[in-house]
Amino acid sequence: MTTVTPTEQLVTPRPEKRTTSSASVWDEAFRRFRRHRLATLGAAVLFAMVVAVVAGPAIYRVPIDDIDFKAKLRGPSWAHPLGTDDLGQDLLARILYGGRISLAVGVTAMLVAITVGVAIGAAAGQLAGVVDHALMRITDLFLSLPQLPLLLLMVYLFRDLLRKALGPEVGVFVLIVAVIGGLRWMPVARLVRAQFLSLREKEFVEAARGLGAPPLRQVVRHILPNAMGPVIVAGSLDVAAAIIAESSLSFLGLGFPPDIPTWGRILFDAKDNLDFAPHWALFPGTAIFLTVLSINYIGDGLRDALDPRRIIPR
Amino acid sequence: MSKYFIRRLLISVPVLLGISLILFTILALAPGDPFEELATNANVPAEVRQNLRAKFGLDDPVPVRYARWFTSMVRGDWGFSFVSRVDVETLILQRLPTTIIVLGTAQLLGILVALPIGTLSAMRPYSIFDQVATTLAFVGFSLPTFFTGLLFILFFSVYLDWLPFIYRADISATGVQWYWHHVRQAIMPVAVLGLFQGASLTRFVRSAVLDVIQLDYITTARAKGLSEKTTIVKHAVRNALIPVLTLVALQVPAIFTGAVITEQIFRVPGVGSLLISSILANDTPVIMAITFVFSCLVVLFNLIADLLYGWLDPRISYR
């Protein structure tokens with residue numbers, strides 16, 4: 001038994017290929033993402049937005065609650081680049097500050113949704129049988145809940161309780177993030193379960209099982225990393241959906257209190273003054289629109305980038 | 001087919017039970033008290049309050065209250081609105097037609113926009129038309145309805161002064177004039193909702209047609225000399241509609257979200273704006289009933305989609 005098999009001969013001459021293989025998956029994904037021009041543009045716009053809301057208030061040092069009745073409802077000017085509201089408060093400062101909260105709500109709610117979704121999807125896909133059946137019925141049940149009415153109901157009912165327990169800002173933040181995240185995990189759970197069902201039968205997982213890897217290691221090291229592509233795409237779109245959900249709540253007057261000017265809240269205050277102060281509504285609305293559009297394009301680009309089988313037209 | 005229908009219908013029952021259970025649990029856990037107003041009113045003695053609580057069974061254990069609430073919901077007795085002083089079912093039935101008309105028209109508009117544009121896009125993928133349409137669709141569903149609504153008001157009501165931005169139920173004009181007023185005030189809410197729906201549907205239609213159009217039977221249809229129009233309309237689009245239909249039904253919850261917001265912006269006297277005003281007025285029976293009605297509608301539309309799916313696609317077995 002000293003004969004060398006043909007496969008070994010094929011593999012041995014080029015060992016240097018293997019050292020770069022793990023990095024090149026992400027290089028390839030990045031290259032594919034860059035080919036989606038609008039996604040790249042979206043990423044640039046979103047990056048600019050994030051920098052603006054994070055660093056902006058440190059550079060543009062105008063207080064968000066500086067009331068000046070002499071300068072109320074003014075359009076854009078040198079003193080107030082985006083104009084003022086009905087109390088003469090500077091809109092640029094308010095939009096920069098509110099953007100922090102809107103973006104933070106979006107990202108945190110997405111993380112909640114993905115964590116719950118991955119956990120439930122993985123449990124259903126891995127444990128199969130009765131657990132799978134029960135979890136999928138619960139997922140179906142949550143999918144038929146009318147989201148906004150329920151969101152309104154829960155925020156309304158629990159707002160005072162959490163406000164007392166955690167303070168006005170943190171309480172409302174925790175509530176909104178938990179409720180939005182808790183009502184958006186279902187698509188992720190379904191995706192992850194579907195991935196698990198197909199990946200579980202793949203040869204490399206079988207190999208790991210054959211080598212004696214315990215179930216937890218099989219899941220964490222072998223199946224989950226390969227199931228993450230669609231989850232990342234769904235997650236990016238969830239950020240946009242959560243931002244819209246938070247803005248909708250604030251726009252209906254049931255989100256953050258008036259002293260925390262999220263973009264939706266500014267729109268809520270502005271909507272009755274449209275005829276004589278249109279700038280008040282236009283700027284925060286545009287901020288929401290640009291953020292959501294950028295995130296949606298990034299999601300589209302990630303979809304192209306993370307699915308190696310997808311053919312991208314040149 | 002009827003066996004399939006009954007099976008689907010039976011599956012909806014536990015879903016409805018589950019939804020009602022979730023709704024009731026949320027309410028039972030919440031700290032609010034419908035008699036709070038009486039509690040703070042010094043003129044109402046404590047025993048009156050106690051008697052009222054006992055009369056409405058507010059101090060009974062939660063499972064008992066759930067059973068009572070669910071049976072009366074099913075019987076059509078949805079309770080009494082504390083604020084409006086009328087029965088909840090009367091209140092909701094008053095508002096429901098407006099919501100259904102606005103939503104239905106908007107959904108129709110969405111489909112009428114999405115079908116031709118999505119199909120044309122898929123026929124010439126990556127052409128100029130496709131790129132413009134796809135970009136507009138992307139912009140369309142990235143624009144939240146509350147912002148589009150404000151933009152429409154700003155442009156068509158404030159700037160151009162063409163359309164009224166407040167929806168009125170009590171229009172005094174008669175005859176043709178009456179219809180004209182109703183159509184005019186419905187244009188903006190319907191357009192805002194319909195274009196948003198149309199934008200996301202366009203993408204579904206495009207990808208569904210794109211999937212079908214590459215199949216062999218389309219090539220066969222072309223090869224046997226059918227005109228391009230017949231090939232597309234009778235062979236491709238018909239089959240592409242099957243997955244699109246499911247998506248339309250699955251989007252029903254999202255449409256309600258849009259309806260609540262548009263009704264609030266344009267002050268349409270529908271169920272959505274009733275929900276908001278009830279929440280602001282702490283009118284619990286109305287809130288519960290509306291959320292329950294929305295859930296029932298979602299389950300109903302899922303059922304309809306399942307049935308239509310089975311009817312359109314003979315490969316689905318009626319197990």
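Everything numeric here is computed off the predicted structure, so don't read it as measured data.

Chemist: Which parts of the structure should I look at to understand the overall build of chain B?
Modeler: Across its full length, chain B carries 13 helices and 0 strands. A buried classification covers 43% of the 319 residues belonging to chain B. Of the roughly 16800 Å² of accessible surface on chain B, a fraction of 67% belongs to carbon and sulfur atoms.

Chemist: Is there a simple way to explain the interface of chain B and chain A in this structure?
Modeler: One frequent convention defines the size of an interface as the accessible area lost when the parts assemble. Contact with chain B, which involves 45 residues of that partner, is made by 40 residues of chain A. Where chain B abuts chain A, roughly 3800 Å² becomes buried across the two surfaces, and 84% of that area is made up of carbon and sulfur atoms. On inspection of chain B and its partner chain A, the count reaches 1 salt bridge. Run the count over chain B and chain A and you get 1 residue pair in polar contact (both at pLDDT 80 or more). Put simply, the parts of the chain that give the side of chain B that touches chain A at least two residues each are helix H1 (2-29), helix H6 (128-142), helix H7 (145-159), helix H11 (252-266), helix H12 (271-280) and helix H13 (284-312) of chain B. In terms of residues, the side of chain B that touches chain A owes the most to one element, H1 of chain B, which gives 8 residues. Here the side of chain B that touches chain A is built from residues that sort into 34 nonpolar, 9 polar and 2 charged.

Chemist: Please explain the packing of H11 of chain B against H13 of chain B as it appears in this structure.
Modeler: Residue and element names in this part refer to chain B. It is the contact of H11 with H13, at a shortest axis distance of 9 Å, that shows an interaxial angle of 145°. Judged by the sense of rotation from one axis to the other, the crossing of H11 with H13 is right-handed. Across the interface between the two elements, Val-252, Pro-253, Phe-256 and Val-260 from H11 touch Phe-294, Leu-297, Val-298 and Phe-301 from H13. Looking at side-chain class alone, the contact of H11 with H13 contains 8 nonpolar, no polar and no charged residues.

Chemist: For this particular structure, what's the right way to read the domain arrangement of chain B?
Modeler: Residues and elements named next belong to chain B. When cut into domains, chain B gives domain 1 (2-74) and domain 2 (93-161 + 187-312). One C-alpha centre belongs to domain 1, the other to domain 2; they are set 34 Å apart. Facing 16 residues of domain 1, the contacting portion of domain 2 comprises 12 residues. In this assembly, domain 1 packs against domain 2 so that about 1300 Å² is buried in total across both faces, 83% of it on carbon and sulfur atoms. The largest per-residue losses of area from domain 1 upon contact with domain 2 belong to Leu-16, Leu-23 and Met-73, which jointly make up 32% of the total buried on that side. Applying the counting rule to domain 1 against domain 2 returns 0 salt bridges. Linking domain 1 with domain 2 are 0 residue pairs in polar contact (both at pLDDT 80 or more). Elements with a contribution of two residues or more to the side of domain 1 that touches domain 2: H1 and helix H4 (62-75).

Chemist: Would you mind showing me how to read helix H6 (residues 147-166) of chain A here?
Modeler: Structural remark: α-helix, 3.6 residues per turn; residues separated by three or four positions point the same way. With 20 residues, H6 of chain A extends just 25 Å between its outermost C-alpha atoms, more than 12% less than the 28 Å of an ideal straight helix rising 1.5 Å per residue. At Arg-159 of chain A, H6 of chain A is bent by approximately 50°, the largest bend along its length. Buried residues along H6 of chain A sit in contact with helix H7 (168-182) and helix H10 (215-251) of chain A together with H1, H11, H12 and H13 of chain B. At the exit of H6 of chain A stands Gly-167 of chain A, carrying a positive phi of roughly 90°.

Chemist: So what exactly am I meant to see when it comes to the environment of Ala-249 of chain B here?
Modeler: All names here are of chain B. Note that Ala-249 resides in helix H10 (residues 228-250). Residue Ala-249 is classed as buried on the basis of its relative accessible area, which comes to 8%. When the C-alpha positions of Ala-249 and Lys-234 are compared, they lie 23 Å apart, and in sequence the two are 15 residues distant. When near neighbours in sequence (up to four residues on either side) are disregarded, Ala-249 contacts Phe-301, Asn-302 and Ala-305.

Chemist: Sorry, what's going on with unusual backbone geometry here?
Modeler: For residues besides glycine, phi is generally negative; the peptide bonds are generally trans as well. All names here are of chain B. Positioned with a positive phi, Tyr-126 is a non-glycine residue whose angle comes to about 65°. Even without being a glycine, Arg-267 presents a positive backbone phi close to 55°. With a relative accessible area of 45%, Arg-267 lands in the partly exposed category.

Chemist: For this particular structure, what's the right way to read the packing of H1 of chain B against H4 of chain B?
Modeler: When two helices pack together, their arrangement is given by the angle between the helix axes and by the axis-to-axis distance. All names here are of chain B. Two elements in contact, H1 and H4, have axes whose closest approach is 11 Å; the angle formed by their N-to-C orientations is 130°. With respect to H4, the element H1 is oriented oblique. The interaxial crossing formed by H1 with H4 has right-handed handedness. Residues Leu-17, Ser-20, Leu-21, Phe-24 and Ala-28 of H1 lie in contact with H4, whose contacting residues are Val-62, Arg-65, Tyr-66, Trp-69 and Phe-70.

Chemist: Mind showing me how you'd approach H11 of chain B here?
Modeler: Residues and elements named next belong to chain B. If you check H11, its first and last C-alpha atoms are 21 Å apart, about what 15 residues at 1.5 Å a residue would give, namely 21 Å. Within H11, 12 of the 15 residues are buried, which leaves it mostly tucked inside the rest of the structure. Within H11, the full set of buried residues consists of Val-252, Pro-253, Ile-255, Phe-256, Gly-258, Ala-259, Val-260, Ile-261, Thr-262, Glu-263, Ile-265 and Phe-266. Phi turns positive, to about 55°, at Arg-267, one or two residues after H11.

Chemist: Hey, could you run me through the side chain of Gln-107 of chain B in this one?
Modeler: Along the polypeptide, Gln-107 of chain B turns up in helix H5 (residues 88-123). The contacts of Gln-107 of chain B, once residues within four sequence positions are left out, are Gln-197, Leu-201, Val-248 and Ile-255 of chain B.

Chemist: Would you take a moment to explain the side chain of Asp-238 of chain A for this structure?
Modeler: Within the secondary structure, Asp-238 of chain A is located in helix H10. Ignoring any residue separated from it by four or fewer positions in sequence, one finds Asp-238 of chain A in contact with Met-110, Ala-113, Arg-184 and Val-188 of chain A.

Chemist: It is not clear to me how the packing of aromatic side chains should be interpreted in this structure. Could you clarify?
Modeler: The geometry of an aromatic ring pair is captured by two quantities: the separation of the ring centres and the angle between the planes. Taken as a whole and judged by the stated rule, the model has 9 aromatic pairs over all chains. With a centroid separation of 4.1 Å and an interplanar angle of 10°, the aromatic rings of Tyr-297 of chain A and Phe-138 of chain B are classed as stacked. Note that Tyr-297 of chain A is positioned in helix H12 (residues 278-306) and Phe-138 of chain B in helix H6, a pairing that runs across two chains. Grouping residues by exposure puts Tyr-297 of chain A and Phe-138 of chain B together as buried. Ring-pair connections join several aromatic residues into one group, and the members of that group are Tyr-297 of chain A together with Phe-138 and Phe-141 of chain B. It is Arg-206 of chain B that lies over the ring of Tyr-126 of chain B; its NZ or CZ is 5.7 Å from the centre.

Procedures and definitions
Here the residue numbers are simple positions, counted from 1 along each chain's written sequence. Chain labels run from A onward and ligand labels from 1 onward, assigned in the order the entries are written. Two thresholds apply to this predicted model, a pLDDT of at least 70 for residue-level local features and 80 or more for giving and counting side-chain atom pairs, whereas whole-chain, interface and lining totals are computed over all residues. The basis for the side-chain values is all heavy atoms of the structure; hydrogens and waters are excluded. Strands are runs of DSSP state E lasting at least two residues, helices are runs of H or I lasting at least four, and both sets are numbered from the N terminus onward. Only protein chains enter the calculation, and the probe is 1.4 Å; a residue is then buried if its accessible area is under 20% of its type maximum, exposed if over 50%, and partly exposed in between. Per-residue accessibility takes into account occlusion by the displayed protein chains alone, with areas from the Shrake-Rupley method and a 1.4 Å probe. The contact criterion used throughout is that any non-hydrogen atoms of two residues lie within 4.5 Å. Accessible-area loss on putting two parts together, using a 1.4 Å probe and summing over both, is the definition of buried area adopted here. We define a salt bridge as a contact between a side-chain nitrogen of Lys or Arg and a carboxyl oxygen of Asp or Glu at a distance within 4 Å. Polar contacts, as counted here, are pairs of nitrogen or oxygen atoms within 3.5 Å of one another; within protein the pair requires one atom able to donate a hydrogen and one able to accept it, and residues that are adjacent in sequence qualify only if both atoms are side-chain atoms. Any residue that is not Ala, Val, Leu, Ile, Met, Phe, Trp, Tyr, Cys, Pro, Asp, Glu, Lys or Arg is counted as polar, Gly included; the first ten are nonpolar and the last four charged. Only C-alpha atoms enter the line fits that serve as axes; for helices the fit covers just the stretch in contact. Angles between N-to-C directions range over 0 to 180 degrees. For any pair of crossing helices, the crossing counts as left-handed if the nearer helix is rotated counterclockwise from the farther one by less than a right angle, and right-handed if it is rotated clockwise. Domain extents, as shown, originate in an automatic or database domain assignment. In this analysis, the expected span of each helix is defined as 1.5 Å times one less than the number of residues it contains. What is called the bend at a residue is the angle between a pair of axes, fitted to the seven residues leading up to and ending at it and to the seven starting from it. Orientation labels follow simple angle bins: below 35 degrees gives roughly parallel, above 145 gives roughly antiparallel, 65 to 115 gives roughly perpendicular, and whatever is left gives oblique. For Phe, Tyr and Trp, where Trp contributes only its six-membered ring, two rings pair if their centres lie within 6.5 Å, and the inter-plane angle classes them as stacked under 30 degrees, edge-to-face over 60, or tilted in between. Consider the ring centre and the ring normal. A charge sits over the ring if Lys NZ or Arg CZ is within 6 Å of that centre and within 35 degrees of that normal.

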